[in-house]
Amino acid sequence: MAQKTKIRKDDNVEVIAGKDKGKRGTVVRVLTKGDKTRVIVGGVNIVKKAMKRRSQQDAGGIAEVEAPLDISNVAIVCKKCGATRIGYKLDGDKKVRVCRKCGETL
């Protein structure tokens, strides 16, 4: 069963572990499979992949694509304080995500 994730598509995140540590980007896609949740971040974790020729016009070759990162290796970026963790607060009858450091809504 997939767990609910605090990081969603179009969130600005910073990589906090791995070869691309310190790089920032936007979440392109969130992948959930079993208990392993991964995210694809734009412009981060670029790998080279051999692509097969699909048609006469489409040339094959080596393409650079974004590979998934484990969700534990990224942290959401707050506008005020930078990379932070996420908390939740009830705003009326809505549940909103807030920065754990400064309390600003994300």
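Source: prediction; values computed, not measured.

What to know about the sheet that holds strand 7 (residues 74-78)
No. 1: Reading across the sheet, the six strands line up as 6-3-2-1-7-8 and stay open at both edges, with antiparallel pairing between neighbours. Unpaired on one side and paired on the other, strand 6 (69-70) and strand 8 (82-84) mark the two borders of the sheet.
No. 2: Sheet topology note: the strand 1 (residues 12-15)/strand 7 ladder contains three bridges and is antiparallel. Counted as the bridge partner of Val15 is Val74 from strand 7.

A short note on a positive patch on the surface
No. 1: Judged by side-chain charge, Lys4, Lys6, Arg8, Arg85, Lys95 and Arg100 come together as a positively charged surface patch.
No. 2: Mapped onto the elements, Arg85 comes out in the loop between strand 8 and strand 9 (86-91).

Focus: the pairing of strand 10 (residues 94-99)
For a regular strand, side chains alternate in direction, first toward one face of the sheet and then toward the other.
No. 1: Taken together, the six bridges between strand 9 and strand 10 define a ladder with antiparallel strand orientation. The residue bridging Tyr88 from the neighbouring strand is Arg97, located in strand 10.
No. 2: Once strand 9 ends, the chain turns through two residues before running back antiparallel as strand 10, passing Gly92 with a positive phi of about 75°.

Looking at the pairing of strand 3 (residues 36-41)
No. 1: The pairing of strand 2 (residues 24-33) with strand 3 spans six bridges and is antiparallel. In the strand pairing of strand 3, Leu31 is matched with Arg38.
No. 2: Linking two consecutive strands that pair antiparallel, namely strand 2 and strand 3, is a turn of two residues; a positive phi of about 65° is found at Gly34 within it.
No. 3: Sheet topology places strand 3 next to strand 6; two bridges connect them, and they run antiparallel. Bridge pairing in strand 6 links Arg38 to Asp70.

Things to note about the side chain of Thr37
No. 1: For Thr37, the position within the fold is in strand 3.
No. 2: On the basis of relative accessible area, Thr37 is assigned to the buried category, the value being 10%.
No. 3: When residues no more than four places from it in sequence are discounted, the contact partners of Thr37 are Thr5, Val30, Leu31, Thr32, Asp70 and Ile71.

A closer look at the confidence of the model for the protein chain
Detail in the predicted coordinates should be disregarded across regions flagged by low pLDDT.
No. 1: Across the protein chain, pLDDT averages 89, with 97% of residues at or above 70.
No. 2: When pLDDT is averaged over each element of the protein chain, strand 1 comes out on top at 94 and strand 8 at the bottom at 89.

Conventions used here
- Residues numbered from 1 in each chain as written.
- Predicted model: local features only at pLDDT ≥ 70, side-chain atom pairs only at ≥ 80, totals over all residues.
- Heavy atoms only, no water.
- Pairing = 2+ DSSP bridges.
- Helix = DSSP H or I, 4+ residues; strand = E, 2+ residues; numbered from the N terminus.
- Patch = residues over 30% accessible without salt bridge, like charges linked within 9 Å, V, L, I, M, F, W, Y side chains within 5 Å.
- Areas by Shrake-Rupley, 256 points an atom, 1.4 Å probe, with all protein chains shown as cover.
- Salt bridge = Lys/Arg side-chain N within 4 Å of Asp/Glu carboxyl O.
- Lys, Arg positive; Asp, Glu negative; His and termini not counted.
- Charge placed at Lys NZ, Arg CZ, Asp CG, Glu CD.
- Buried < 20%, exposed > 50% of the residue type's maximum accessible area, 1.4 Å probe, protein only.
- Contact = heavy atoms within 4.5 Å.
- pLDDT = per-residue confidence, 0-100.

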